[in-house]
Structure formats: structure tokens, C-alpha cells
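Given next are the chains, with one letter for each unit.
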Number of protein chains: 2
Amino acid sequence: MNFQKRKQKIMEQLDRTGEVDIKELAAELDISEITARRDLNQLANDGLLYRTHGGAMKVDPLAKPHDFVNKAAQNANVKDSICRRAVEHINDGDIIFMDCGSTVFRLCQFIKHKKIKVITNSLPVIYELQNCSVSINIIGGEFNNERQATHGKIANEHIARYRAGKAFLGVDGISAHGLFANSELEAEITLMYIHQSAYTYVLCDDSKVGKETYLKFADINQVEAIITNADDQKLAGFKDTALTILQVV
Amino acid sequence: MNFQKRKQKIMEQLDRTGEVDIKELAAELDISEITARRDLNQLANDGLLYRTHGGAMKVDPLAKPHDFVNKAAQNANVKDSICRRAVEHINDGDIIFMDCGSTVFRLCQFIKHKKIKVITNSLPVIYELQNCSVSINIIGGEFNNERQATHGKIANEHIARYRAGKAFLGVDGISAHGLFANSELEAEITLMYIHQSAYTYVLCDDSKVGKETYLKFADINQVEAIITNADDQKLAGFKDTALTILQVV
DNA sequence: TTTAATTTGATCAAAATTAATCATAATTGA
DNA sequence: TCAATTATGATTAATTTTGATCAAATTAAA
């Protein structure tokens, strides 16, 4: 068993239990204690763990990987049917905005083979659209780990530099009174996308329709269309607005 | 059994078990140990595997963009020792630029647990530094799939908005006459990083030192330090410059 | 505080792996 | 065909890795 392999095992156990003991380690890996000690010293030297007397501890117990994909997988069927409707409105040559919503993310799989330009602040979208015919423009700025996207002043300014024909955006709530968000950062960047695109599609499942939550950041007449699985009853409130409603089963 | 066929078998087993042993390999393929060793060295040189004592291991299968990972795996030992020296100059609270060089990429593993702010145009760097104590700022702009990074006018403007204490950059060539790049896009963004940082470290292995290739984009006195494994003879040309030379074994 | 137990780093030695050198076999291209 | 290049193998020296011993440092206990 070479160092690389031992390193792997040590980091594995460290990840699992948070600590390792030199004696145990030497026994488990069938190496002498001094070799175990040397291994730990080397890893500590690279900042991969904290050396303690008789063992080592994990460096950053706080890091919590946020699983974006899980959120995107919720209600996958509903989201996919919304996206199938959305993709009917996307043609080769289009320049489109995509934000960091989990429904918008699922749009990626349907546009991979289109010859379009996508401008986005969502890292998962960027990843999904790599190595395909879509050309990508990344919105820069401070990266928010929870949302897996960039936000803030610089990101907004960056969007302001571009114009796109269409924007595909998610919201936390929508009603005849306007669009709602759970955070200011999210609200601002969505608003900027709306400003800089000729035609805005709001993608949202029925749970968001009629919901007026936290912060209203735009009037309903600022966007052109909504694509949703909400039923007629939920959508009735929009009948006095100019909003184009694209309803999916 | 020729090299191509052996290479196939080696990569096959590597894919299956994650590792190979020189003795076993020699026995299985019915070749001498030294030939097995030469095979592994050649494959390691192409970044297709990591060489270990007595065998080899698979390169990180999780990282998506294969070309980039392979490039980063080439000369991994040299790059890592360069990075270990670099990390000595990075302290908690620092704000640093990192470009999209393959050596610079390997710096990530050594700074994951530092409390610093990283501004970068490299997608692999972003991906590597997610979910750790490093806060990330993404340089926006058009995404170049080959380089796995953003470049161009908007990216340059974006960098111009920021100031950082230190920049860690790669180059395609460096001599007493200046810094050299293989493309204008690369040159421009590197130059912008240099302008916007108080202190610039150039990270490069010995193959880049003394090389004057394609496009000169900066004088040598525009950067402060070079971290390299080049020997005294190769570095002799810099003795009349103010460049700080950080030499690694 | 002092004492005992444990852990550690340094030094050296043994084992394993590797690089270097040279010789031989196989392949290639004229 | 033959010379030249390339691939392979054997040998040996150098390097790396590992382990053992022991004094010094650290921790825990009295």
C-alpha cells in the first residue's frame, strides 16, 4: 500500500469520523506507527488535516455541500413538462437569459443541441451546457454557494451590458399583483434580466402561483408570459392582465 | 504485444480497479518490470494516470472536462511542489487572483481551508473551491470551452473593477525579455490581472522558462516573482532583473 | 509543582523502487 | 538488402520509502 492510497483511506476515515488515531491507523493500514505519523504530517503540511497528539482531526467540519440537483429533481415530471413547452419558443440563433431557478435548470437537457447563446448566472446551467452546441456567457460576480450562482452589484451591472431576445426565469411567487422573491439579491438580478430582455417567460409550478411572499419586486405587466401547470382556478386572477398564459398538463 | 495494446490494457484495469502494480502488470502482460515502468511513465506524462511508487492510480474521475484534468495531471509532482511554495505566500484574509493555468489549478487543493477570497475566470478552479471556506468571485464573460474559462472584453472589464493583493498566474513563456502567451485573449486577461494586483507571482515549470513564444505581452519588471523548478542555469538570465525568484527542487 | 506515560523527531539502516547505462532484439524506411 | 531507428531487457547505482531505536518534548496524572 503506497502513500497515495493511504492518503485516500486516511481522508476517507477523517471525513467519516472526523478524527484518526495513529495506533489504530497503523493497525488498520498495516504500517508502522512512524509511517502513519509521517503520512499525517505530510497531509497536515498540505493543510488537508489538523495534526493532534496521537492522531489528526478534520480541518473544516462546517463545510456543507448543498445539493442543487436534489432540488431540481423534486417534481421533475412537472418541471420537465413546463420546460418542454418552453423549448418550443427557443429557436436556433436565439440569445436567451437563464437564471438560477431549479425549474429553469431542467431546461438545459432540452436545449443542448440547439445553436443558441445562453447568458446565465447559474453554475449548474453552465456545467450542464458545457461541451455542446450552446455557446455560454457567464454572469460574473460574487458566488453564492447556496444558490450555486452569482449575485450582487457586479452581476447586475454585467447583465446590464447585454440584451437578449428572451429570458427564462423562476420566481418564488407570482400573482396578478406582481412577482415575488425570498431575497433582495434574487429579486434584483431577476429584475435586471427582465429589463434586458425583449420577452420574459416565467417558469413556475402551481405551488408558486397565487403566492405573494416576502418581497414584491416587479409588476405583472413587466413580464410577457408564464409557463405553468397551475389549473384554471389558480390562473383566474390573471384574466384581467396582458400576461400570456402557457398552461401544461 | 505493442505499447498501444498494453496502454489499452493498463487503462482498462485502471478504470476497473483504480490502481495498478508494476510487478503484477509485468507478470500479467508478460513484459519486464522496466517496460511496465516505462509504460506508466509515458502515460503519466500524458496526464492519463498518476504515477505512484510501485504502480499508478487513476486520475480523478469526478472532474468533468477531461482535457483540462489531463493537462493538470501532467507533471503533477513538479506542479504540486511549485504550489506548495506558492501557498506559503497566501494568508487568511487575502484577496487573490487566480487565472486558468493548469499549474494554478493545482493550487486549489492547498488553499481549500484558508479563509480567503479568490477571484478567477477558471471554471475548474470555481468547481474545486466550492463548498469550502474560500469565497469565490467569478469573472464573467464569454465562456471558452477549450480553456474552461471566460475571456474577452467583458471579462477584462470585470477584472478592472477589482483590486487584489496578490495574483497567481500561468504563462506560456517567460524570459528576461518579458512574458509570452500563445493567444491574444490569454495575454490580455493575464495583463489585466497583473495591472489589478499589487504583487504578481508567475507559476511555471522549467519548460516555460527561457521560452519566448508567439506574443510578448508584458515586460519582466511588471511582475514581482516567479515560482519555478527551473535550475540555476535556466534562471541565470534573470539575474539583472528585479524579479524575485522562488526556486523549488 | 513533580513525576510518569506517551508522543514525537532525529538518526540510521534495511528494503523496495527507480533512473541510468549499455546491450540486444525488433521494426522501419530507403 | 542493409543501415538506422525504436523498443525491450539486464545490470548496477541512486533514490525513495519504510522501520527501528532512542533522546527530547509534550501531555496527563499525582
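In short, a report on the structure. Everything quoted here is computed from the prediction, not taken from an experiment. (Residues numbered from 1 in each chain as written. Chains lettered and ligands numbered in written order. Predicted model: local features only at pLDDT ≥ 70, side-chain atom pairs only at ≥ 80, totals over all residues. Heavy atoms only, no water.)

Notes on the sheet that holds strand 13 (residues 215-218) of chain B
Residues and elements named next belong to chain B. What counts is decided by this rule: Note on pairing: two strands pair once DSSP finds at least 2 bridges between them. Labels follow the DSSP assignment, with helices taken as runs of H or I lasting at least four residues and strands as runs of E lasting at least two, numbered in each case from the N terminus. The axes used here are C-alpha line fits, helices contributing only the stretch in contact, and every angle between their N-to-C directions lies in the interval 0 to 180 degrees. In this analysis, two residues are considered to be in contact whenever any of their non-hydrogen atoms come within 4.5 Å of each other.
Here three strands make up an open sheet; going across it, the order is 10-11-13 and the pairing antiparallel. Every interior strand has two partners, whereas the edge strands, strand 10 (173-175) and strand 13, have only one. Each strand axis lies, on average, 35° off the axis of its neighbour in the sheet, ignoring direction. One ladder, built from three bridges, connects strand 11 (residues 178-181) with strand 13; its direction is antiparallel. Pairing of Ala181 across the sheet is with Leu215, part of strand 13. Against the sheet, helix 10 (residues 184-195) touches strand 11 and strand 13, its axis set at about 15° to strand 13.

Let's talk about helix 3 (residues 33-45) of chain A
Residue and element names in this part refer to chain A. Applicable threshold: Expected helix span is computed as 1.5 Å times (number of residues minus one). Relative accessibility under 20% of the residue-type maximum defines a buried residue, over 50% an exposed one, and the middle range a partly exposed one, all with a 1.4 Å probe and only protein chains included. This arc describes the spread of directions from the helix axis toward the C-beta atoms.
With 13 residues, helix 3 should reach 18 Å at 1.5 Å per residue; the first-to-last C-alpha distance of 18 Å fits that figure. Among the residues making up helix 3, those that are buried are Ala36, Asp39, Leu40 and Leu43. Seen along its axis, helix 3 keeps its buried residues to an arc of 95°; they face one direction. Residues Arg38 and Asn45 are exposed on helix 3 and point more than 90 degrees away from its buried face. At its buried positions, helix 3 is contacted by helix 1 (3-17), strand 1 (19-21), helix 2 (22-29), strand 2 (50-52) and strand 3 (55-57). Just downstream of helix 3 lies Gly47, where phi reads positive at about 75°.

Looking at the sheet that holds strand 7 (residues 141-144) of chain B
Read from one edge to the other, the open sheet built from nine strands follows the order 15(A)-14(A)-12(A)-9(A)-4(A)-5(A)-6(A)-7(B)-8(B), with strand pairing classed as mixed. Each having just a single partner strand, strand 15 (244-247) of chain A together with strand 8 (149-151) of chain B make up the two edges of the open sheet. Within the sheet, the average angular offset between the axes of one strand and its neighbour, ignoring direction, is 30°. As paired elements, strand 4 (residues 95-98) of chain A and strand 9 (residues 164-169) of chain A share three bridges and run parallel to each other. Paired with Ile96(A) across the strands is Lys166(A), a residue of strand 9 of chain A. Contacts from helix 5 (residues 76-87) of chain A reach strand 9, strand 12 (197-203), strand 14 (225-228) and strand 15 of chain A within the one sheet, and its direction differs from that of strand 14 of chain A by about 140°.

Some words on the pairing of strand 3 (residues 55-58) of chain B
All names here are of chain B. As judged from the three bridges shared by strand 1 (residues 19-21) and strand 3, these two strands associate in the antiparallel manner. Considered in strand 3, the bridge of Glu19 is made with Met57. Here four bridges tie strand 2 (residues 49-52) to strand 3, and the two strands are oriented antiparallel to one another. Note on strand 3: the bridge partner recorded for Tyr50 is Met57. A loop of two residues connects strand 2 with strand 3, the two strands running antiparallel in sequence, and Gly54 in this loop sits at a positive phi of about 85°.

Side note on the protein's contact with DNA strand C
Keep this limit in mind: We call a residue near a given molecule or strand whenever any one of its heavy atoms falls within 4 Å of it. Pairs of N or O atoms within 3.5 Å make up the polar contacts considered here, provided that, within protein, one atom can donate a hydrogen while the other can accept it, and that residues adjacent in sequence are counted only when both atoms are side-chain atoms. Any residue that is not Ala, Val, Leu, Ile, Met, Phe, Trp, Tyr, Cys, Pro, Asp, Glu, Lys or Arg is counted as polar, Gly included; the first ten are nonpolar and the last four charged.
DNA strand C sits among 18 residues. The nearest are Arg51(A), Gly54(A), Arg51(B), Thr52(B) and Gly54(B). Sugar and phosphate atoms form 73% of the subset of DNA strand C atoms that lie within 4 Å of the protein. In this structure, Arg51(B) approaches DNA strand C through a side-chain N or O atom, which is 2.9 Å from a phosphate oxygen. Taking Gly54(B), its main chain carries an N or O atom lying 2.7 Å from a phosphate oxygen of DNA strand C. Each residue belonging to the surface near DNA strand C can be placed in one class, and the counts come to four nonpolar, eight polar and six charged.

Let's talk about the packing of aromatic side chains
What describes a pair of aromatic rings is the distance from one ring centre to the other and the angle between the planes of the rings. Residue and element names in this part refer to chain A. To be explicit about the condition: Aromatic rings from Phe, Tyr and Trp, with only the six-membered ring used for Trp, were paired whenever their centres fell within 6.5 Å, and each pair was classed as stacked if the ring planes differed by under 30 degrees, edge-to-face if by over 60, and tilted otherwise.
Following the criterion strictly, the structure yields seven aromatic pairs over all chains and no others. Ring centres 5.0 Å apart and planes at 55° place the aromatic pair Phe97 and Tyr193 in the tilted group. Remark: Tyr193 occurs in helix 10 (residues 184-195) and Phe97 occurs in strand 4; sequence separation between them is 96 residues. Neither Phe97 nor Tyr193 differs from the other in exposure class; each is buried. Among the aromatic residues, those joined into a cluster by ring pairs are Phe168, Tyr199 and Tyr201.

Overview of the protein's contact with DNA strand D
As a matter of local geometry, DNA strand D sits amid 16 residues, with Thr35(A), Arg38(A), Arg6(B), Thr35(B) and Arg38(B) nearest to it. Within 4 Å of the protein, the contacting atoms of DNA strand D are 65% sugar and phosphate, with bases supplying the remainder. For DNA strand D, a sugar or linking oxygen lies 3.0 Å from a polar atom in the side chain of His53(A). Counting residues per element, the ones that place at least two in the surface near DNA strand D are helix 3 of chain A together with helix 3 (33-45) of chain B. Its residues assigned to classes, the surface near DNA strand D comprises six nonpolar, six polar and four charged.

Observations regarding the packing of helix 2 (residues 22-29) of chain B against helix 3 of chain B
All names here are of chain B. We apply this condition: Each angle receives one of four descriptions, namely roughly parallel if under 35 degrees, roughly antiparallel if over 145, roughly perpendicular if within 65 to 115, and oblique otherwise.
Between helix 2 and helix 3, whose axes approach to 8 Å, the crossing angle comes to 110°. On the basis of their axis angle, the class for helix 2 and helix 3 is roughly perpendicular. Contacts from Ile22, Lys23, Leu25 and Ala26 in helix 2 reach Glu33, Ala36, Arg37 and Leu40 in helix 3.

Quick notes on the pattern of salt bridges
Keep this limit in mind: Salt bridge, as used here, is a side-chain nitrogen of Lys or Arg placed within 4 Å of a carboxyl oxygen of Asp or Glu.
Tallied over the entire structure, the rule returns 23 salt bridges over all chains. Put simply, Glu157(A) and Arg161(B) hold a salt bridge, and the shortest N to O gap is 2.1 Å. Placement of the pair is Glu157(A) in helix 9 (residues 153-160) and Arg161(B) in the loop between helix 9 (153-160) and strand 9 (164-169), with the two residues belonging to separate chains. Overall, Glu157(A) belongs to the partly exposed group, its relative accessible area being 31%.

The values are spatial; any link to function lies outside them.
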